[in-house]
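Topology and contacts: notes
Read off the chains here:
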Amino acid sequence: MEWGSESGAVRRHRVGNERREGPAATPQPEREAPAQEPLVDACGGGTRTRKRSEAGGGGASRGAGSGLSEARAALGLALYLLVLWALVQLSLQQLVLRRPAGHRGEFDARRARDYLEHITAFGPRTTGSPENEILTVQYLLEQIKLIEVQSSNLHKISVDVQRPTGSFSIDFLGGFTSYYDNITNVVVKLEPRDGAQHAVLANCHFDSVPSSPGASDDAVSCSVMLEVLRVLSTSSEALQHAVVFLFNGAEENVLQASHGFITQHPWASLIRAFINLEAAGVGGKELVFQTGPENPWLIQAYVSAAKHPFASVVAQEVFQSGVIPSETDFRIYRDFGNIPGIDLAFIENGYIYHTKYDTADRILTDSIQRAGDNILAVLKYLATSDMLTFSSEYRHGKMVFFDVLGLFVIAYPCHVGSIINYTVVMTVVLYLGKKLLQLKRKTVNYTKDFLCGLGITFISWFTSLVTVLIIAVFVSLIGQSLSWYNHFYVSICLYGTAAAAKIIFIHTLAKRFYYMNASDQYLGEVFFDVSLFVHCSFLVMFTYQGLCSAFISAIWVAFPLLTKLCVHKEFKRHGAQGKFIVLYLLGMFIPYIYGMYLIWAVFEMFTPILGRSGSEIPPDVVLASILAGCTMILSSYFVNFIYLARSTKKTMLTLTLICTVTFLLVCSGTFFPYSSNPANPKPKRMILQHTTRTFHDLEGNIVKRDSGIWINGFDYTGMSHVTPHIPEINDTVRAHCEENAPLCGFPWYLPVHSLIRKNWYLPAPDVSPRNPAHFRLISKEQTPWDSIKLTFEATGPSHMSFYIRAHKGSTLSQWSLGNGTPVTCKGGDYFVFYSHGLQASAWQFWIEVQQVSGEQPEGGMVTVALAAHYHSGEDNRSSHLDALKEKFPDWVFPFAWVCTYSLFVF
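Report follows, based on the coordinates. In this text, all values refer to a predicted model and were calculated from it rather than measured experimentally.

**Considering the overall build of the protein chain**
Counting its regular elements, the protein chain contains 20 helices and 24 strands. The C-alpha radius of gyration computed for the protein chain amounts to 32 Å, which stays within 12% of the reference 29 Å derived for 906 residues, consistent with globular compactness. Taking the principal axes of the C-alpha coordinates as reference, the protein chain spans close to 105 × 70 × 55 Å. Across the 906 residues that make up the protein chain, the buried fraction comes to 59%. Contacts spanning at least 24 positions in sequence make up 83% of the contacts within the protein chain whose residues lie at least 6 apart. Computing the positive centroid from 73 side-chain charges and the negative centroid from 75, the protein chain places the two 12 Å apart.

Printed below as a string of structure tokens:
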């Protein structure tokens, strides 16, 4: 059962003054009288003794001929990882497994692309703009009408244009409250001719962020839904349940339209499950990254129906942990509708997500085809399934699910996963327990060697992490952060090689100075067992915490252990020779290729996010940590090759040289972070707001008024790369916080002030919008419970932000927004996000202020401010703003608009 199990399985041979590279050891006689050798225990102290092997045929000594060639091992492992990476990339490029034959009843990507090109031709579609509220809505209604004309007599199509008004609070971005008025939803219900009592919902949004055509986010999803509607409506197969298609017009306003539908539309009561189509990138494969909550039957439906599956419970648990600063309509349906669903999103090429580069031509037709095939199949499956009728009976339980290179999905209940995981754990316990007990009768040192090996492994990991963090912090401090953003290989050459070199270095030291007289085979076995034990420990921890992602650790325990048991005879007879290496690497194929698959997903999602994660999070520190973790995982079952190889000098020298050269190039600024290459743009994102600020005192007098272009960068580099091109944007115009104003007295569009603390305020002329915002106090009254009720009225553009700060001695007890309970954002102020459609009445709301001391303070009770954001129309631009935008280099993508800011004290 063990490597090198000749007679005692534990062998250490003194080699005297012979080095590993020295002449071959003198062959031992076939039988040798046992001899005691003293050995200083560097881990436990004292002197230990160890018997020489009674059988020397296994070749356990450290002669030059007994070790594994360093070049052979290093090149073999490198080639192995490259082949796995190539297989992963090949699987990702295979978007469609089986191309449709173009028969009736099949999804037609060409027709969906036509829808997509028409929608994106309207340009950016912000809520409240004519492009969103009129042009896109008219186009959708025209296409739905044409589909209705072609539909089968078996089906009935109903269409409704909803204009909801409502409010809710959400803890996204630290917490804020949202209010919407007269926004637009286009809702279509496809049902059997006799009607249906239950329905499945398909959701997309046709609005976009300002300045972006929004092809992938989310026009392509709406195009897919139109084509799915056409195919289902013309089908000769009767539906058992209704399918509701929601084309919502205000998702980018932080999920407002979905809230309006699920809380107010009469068809919402029919919904038993939903599918939400989203995007966090442009094209590629659409990933199932959220399901539930609970309701395992939904993922089973996806597994049974999807033609091109791509799903992972790992993505679900990462997304729901809050690590990724994003939310989708999934949350609204889950929290406000108590409805289970499936969340899908395109994740590739997030560098151009929410930019002007998100155009229809960048989305491959095969991406549209695979998404359409999957959505059509799953909707049809749900709409003809009894599970939708009796969904409450299948409600409880979680599912472990993951795809295998996009070929198929494996899914099973979480409790079954726990049984599998603990079975694997018990197998490891029996394997290690039997081994330790057997060896304890023959030598007292194996347990100590194992524990020391465990300590050495953790030391190597810790020092590896510290090393890459030191490099990352230094690179950040000298202003060369994000050097890998446009050249990802730079991060591998800088941080990956440093992490690998440090791990090899620590183990090489251990081999030379503690294990200097130990058998290569013995050490290979010890460190394999250490890696097995570490992964098994993670398996126990993840399973105990109820994480479905524990299946990854199960894979990384079960397959290596099985491999070990299969190759031990070959290893015993011939040592670390070619056949053993081939068998060993083949046995590791499944855990390593799946590990590479997940690593691709991690970098595909997180690398672009680090370019828009704000000014406070050093992206190099984050990426270096992720790379160090990946290096630890990938090296875990290859550490034993360090002890089997004759030397590691050349490997360490090569890795160190690559790291050093890359480090010097990074420090010299060779690798520019951004790119405007039309084929593969990676722009720097910035926000430019030409604003006029007006500050009033308690009596209503203007105490301060200024105007300027308020500049915010989305990433850690600030303006360091911009200043050489636009010298006036420098540290002399850094924005200063107004300490007595909520959110520092600036017109934040969303409450991201804790993420972006570095901003600039470049003086500029006043702005005078043709549709200025108006804000006034309607009434101030004392309530019977001794609070002050302030009623306000505001009018202005389609997007406004309202801020409140309660003064010392005052608190907000309630208001007319959300559920009535005021919700603070980070920092203790209150943030309200407001939007409306084309036509909206004046926004009236009230707040109640409670005096803690019972006396009204001299400086007033509250400070409030209103920012009006002009995202569309003539008021969106100013000549000064346009002139500044022209100065920016091509690799900058600026979101730019005009806004006003007015502050009052009451």
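This is not the end of the story, as more comes after the structure.
**Re the pairing of strand S13 (residues 409-413)**
Moving residue by residue along a regular strand, the side chains alternate between the two faces of the sheet. Looking at chain direction, strand S12 (residues 399-403) and S13 are connected through five bridges and run antiparallel. Note that in S13 the partner of valine 400 across the bridge is tyrosine 412. From the end of S12 to the start of S13, which pair antiparallel, there are five residues, and leucine 405 there has a positive phi angle of about 55 degrees.

**Here's the deal with the side chain of lysine 511**
Inspection of the secondary structure puts lysine 511 in helix H12 (residues 488-513). Buried charged residue lysine 511 carries no salt bridge. Nearest counter-charge: aspartate 520, at 6.4 Å. Reaching out from lysine 511, the side chain makes a polar contact with the backbone oxygen of isoleucine 642 at a distance of 2.8 Å.

**Concerning the side chain of asparagine 295**
Positionally, asparagine 295 belongs in the loop between strand S10 (286-292) and helix H6 (297-305). Within the structure, asparagine 295 has its side chain in polar contact with the backbone oxygen of proline 293 (distance 3.0 Å). Among residues more than four places away in sequence, those in contact with asparagine 295 are Pro340, Ser391, Tyr394, Arg395 and Gly397.

**Details of the environment of glutamate 858**
By the element assignment, glutamate 858 lies in the loop between strand S22 (843-851) and strand S23 (862-870). Remark: the alpha-carbon pair of glutamate 858 and leucine 698, spanning 160 residues in sequence, is separated by 9.1 Å.

**Quick notes on the sheet that holds strand S11 (residues 341-346)**
Strand order across the open sheet formed by seven strands is S3-S6-S8-S7-S9-S11-S10, with mixed pairing between neighbours. Both outer strands of the open sheet, strand S3 (155-162) and S10, are each paired with one neighbouring strand and no more. In this sheet, adjacent strand axes meet at a mean angle of 15 degrees when their direction is disregarded. Here five bridges tie strand S7 (residues 199-205) to strand S9 (residues 271-279), and the two strands are oriented parallel to one another.

**Brief notes about the nonpolar core**
Burial of nonpolar side chains together is a common tendency in soluble globular proteins. Core analysis: the biggest nonpolar cluster contains 230 residues, and Phe245 and Phe247 have the highest contact counts within it. Broken down by element, this core gets its largest block of residues, 13 residues, from helix H16 (residues 589-609). Setting aside residues up to four positions removed in sequence, phenylalanine 245 forms contacts with Val186, Val187, Val188, Leu190, Ala202, Met225, Val228, Leu229, Leu232 and Leu379. Counting 57 residues, the second largest nonpolar core, distinct from the first, contains Trp710, Val752, Tyr803 and Tyr901.

**As for unusual backbone geometry**
Following aspartate 217, the chain continues to aspartate 218 via a peptide bond in cis, the omega torsion being 15 degrees. Summarising the element assignment, aspartate 218 is placed in helix H4 (residues 215-233). Of note, the amide linkage connecting glycine 292 to proline 293 takes the cis form, showing an omega dihedral of 5 degrees. By the secondary structure assignment, proline 293 is in the loop between S10 and H6.

**Brief notes about the sheet that holds strand S15 (residues 702-713)**
On the basis of which strands lie adjacent, the open sheet formed by nine strands has the order S4-S5-S21-S19-S23-S24-S14-S15-S16 and mixed pairing. Looking at the sheet topology across the chains shown, the edges are occupied by strand S4 (166-170) and strand S16 (759-763). Averaged over all pairs of adjacent strands, the angle between their axes in this sheet comes to 25 degrees, without regard to strand direction. Both S4 and strand S5 (residues 176-181) contribute to a ladder of five bridges, which runs antiparallel.

**Observations regarding the state of the cysteines**
What makes a disulfide is a covalent bond joining the sulfur atoms belonging to two cysteines. Across all of its chains, the model carries two disulfides by this definition. Residue pairing for cysteine 204: its cysteine sulfur links by disulfide to cysteine 222, the two sulfurs lying 2.3 Å apart. Looking down the S-S bond of the cysteine 204 and cysteine 222 bridge, the torsion is 110 degrees, so its handedness is right-handed. Here cysteine 222 lies in helix H4 and cysteine 204 lies in strand S7, a separation of 18 residues in the sequence. According to the relative accessible area criterion, cysteine 222 is buried, its value standing at 0%.

**Let's talk about the pattern of salt bridges**
Oppositely charged side chains can form a pair if their charged atoms are brought close together. Within the structure shown, the criterion is met by 21 salt bridges. In this structure, aspartate 171 engages arginine 331 in a salt bridge whose closest nitrogen and oxygen atoms are separated by 2.2 Å. Taken together, the residues aspartate 171 in the loop between S4 and S5 and arginine 331 in helix H8 (residues 329-337) connect sequence positions 160 residues apart. Judged by relative accessible area, aspartate 171 falls into the exposed class, the value being 53%. Put simply, arginine 331 and aspartate 335 hold a salt bridge, and the shortest N to O gap is 3.1 Å. Taken as a pair, arginine 331 and aspartate 335 lie in helix H8 at a separation of four residues, close to a single helical turn. For aspartate 335, a relative accessible area of 41% translates into the label partly exposed.

**Some remarks on the environment of arginine 512**
Take arginine 512: it is sitting in helix H12. You can call arginine 512 partly exposed: its relative accessible area is 28%. C-alpha separation for the pair arginine 512 and phenylalanine 122, spaced 390 residues apart in sequence, amounts to 69 Å.

**Section: the packing of helix H11 (residues 446-477) against helix H13 (residues 520-544)**
One can describe the packing of H11 onto H13 by two numbers: an axis separation of 9 Å at closest approach and a directional angle of 65 degrees. Of the two elements, H11 crosses H13, and the hand of that crossing is right-handed. In contact with Tyr446, Asp449, Phe450, Gly453, Leu454, Ile456, Thr457, Phe458 and Trp461 of H11, H13 contributes Tyr522, Val526, Phe527, Asp529, Val530, Phe533 and Val534.

**Focus: the packing of aromatic side chains**
Overall, the coordinates contain 62 aromatic pairs when judged by the stated rule. The positively charged end of arginine 693 is found above the aromatic ring belonging to phenylalanine 746, 4.4 Å away from the centroid. Lying across the ring of tryptophan 760, arginine 734 places its NZ or CZ 5.2 Å from the centre.

**Notes on the packing of H12 against helix H19 (residues 649-667)**
At their nearest, the axes of H12 and H19 sit 8 Å apart, and the two run at 145 degrees to each other. The two elements H12 and H19 cross, and the hand of that crossing is left-handed. The residues of H19 that touch H12, namely those facing Val490, Cys493, Leu494, Thr497, Ala498, Ala500, Ala501, Ile504, Phe505, Thr508 and Arg512, are Lys649, Thr651, Met652, Leu655, Thr656, Ile658, Cys659, Thr662, Phe663 and Val666. Taken together, the residues of the contact of H12 with H19 sort by class into 14 nonpolar, five polar and two charged.

**Examining a nonpolar patch on the surface**
Residues Leu79, Val83, Leu87, Leu90, Phe589 and Ile590 make up a contiguous nonpolar surface patch of roughly 510 Å² in combined accessible area. For the nonpolar patch, the secondary structure elements donating two or more residues are helix H1 (70-93) and H16. Classification of phenylalanine 589 as partly exposed rests on a relative accessible area of 32%.

What counts, and where the lines are drawn
- Each chain has its residues counted from 1, running along the sequence as written.
- Totals for whole chains, interfaces and linings use every residue, but because this is a predicted model, local features are given only for residues with pLDDT of at least 70 and side-chain atom pairs only at 80 or more, for both listing and counting.
- Note that water and hydrogens are dropped before the side-chain values are worked out from all heavy atoms of the structure.
- Every helix listed is a DSSP run of H or I at least four residues long, and every strand listed is a run of E at least two residues long, numbered separately from the N terminus.
- Here the globule rule is a power law, 2.2 Å times the number of residues to the power 0.38, and the radius of gyration is based on C-alpha atoms.
- Note on exposure labels: buried denotes an accessible area under 20% of the residue type's maximum, exposed denotes more than 50%, and partly exposed covers the range between, all computed with a 1.4 Å probe on protein chains only.
- What makes two residues a contact is simply this: any of their non-hydrogen atoms within 4.5 Å.
- Neither His nor the chain termini are counted; the positive set is Lys and Arg, and the negative set is Asp and Glu.
- Here the site of a charge means NZ on Lys, CZ on Arg, CG on Asp, or CD on Glu.
- A pair of strands is labelled paired if DSSP reports no fewer than 2 bridges between them.
- Salt bridge criterion: a side-chain nitrogen from Lys or Arg within 4 Å of a carboxyl oxygen from Asp or Glu.
- Think of a polar contact as two N or O atoms within 3.5 Å of one another; within protein, one of them needs to be a possible hydrogen donor and the other a possible acceptor, and neighboring residues in sequence only count if both atoms come from side chains.
- Between the N-to-C directions of two axes lies an angle of 0 to 180 degrees, each axis being a line fitted to C-alpha atoms and, for a helix, fitted only over the stretch in contact.
- Here, the term nonpolar core denotes a set of buried Ala, Val, Leu, Ile, Met, Phe, Trp, Tyr and Cys residues that are joined through side-chain atoms within 4.5 Å.
- The disulfide definition used here is simple: a pair of cysteine sulfur atoms within 2.5 Å.
- By convention the crossing between two helices is left-handed if the near helix lies anticlockwise of the far one by an angle smaller than a right angle, and right-handed if it lies clockwise.
- Between 30 and 60 degrees the pair is tilted, below 30 it is stacked and above 60 it is edge-to-face, where a pair is any two Phe, Tyr or Trp rings, Trp via its six-membered ring, whose centres lie within 6.5 Å.
- The criterion is that NZ of a Lys, or CZ of an Arg, lies within 6 Å of the ring centre and within 35 degrees of the ring normal, and then a charge sits over that ring.
- The classification used treats Ala, Val, Leu, Ile, Met, Phe, Trp, Tyr, Cys and Pro as nonpolar, Asp, Glu, Lys and Arg as charged, and all other residues, Gly among them, as polar.
- Only residues above 30% relative accessible area that lack a salt bridge enter a patch, with like-charged residues linked at up to 9 Å and the nonpolar side chains Val, Leu, Ile, Met, Phe, Trp and Tyr linked at up to 5 Å.
- Calculation of accessible area relied on Shrake-Rupley with a 1.4 Å probe; when residues are assessed, cover is drawn exclusively from the protein chains displayed.

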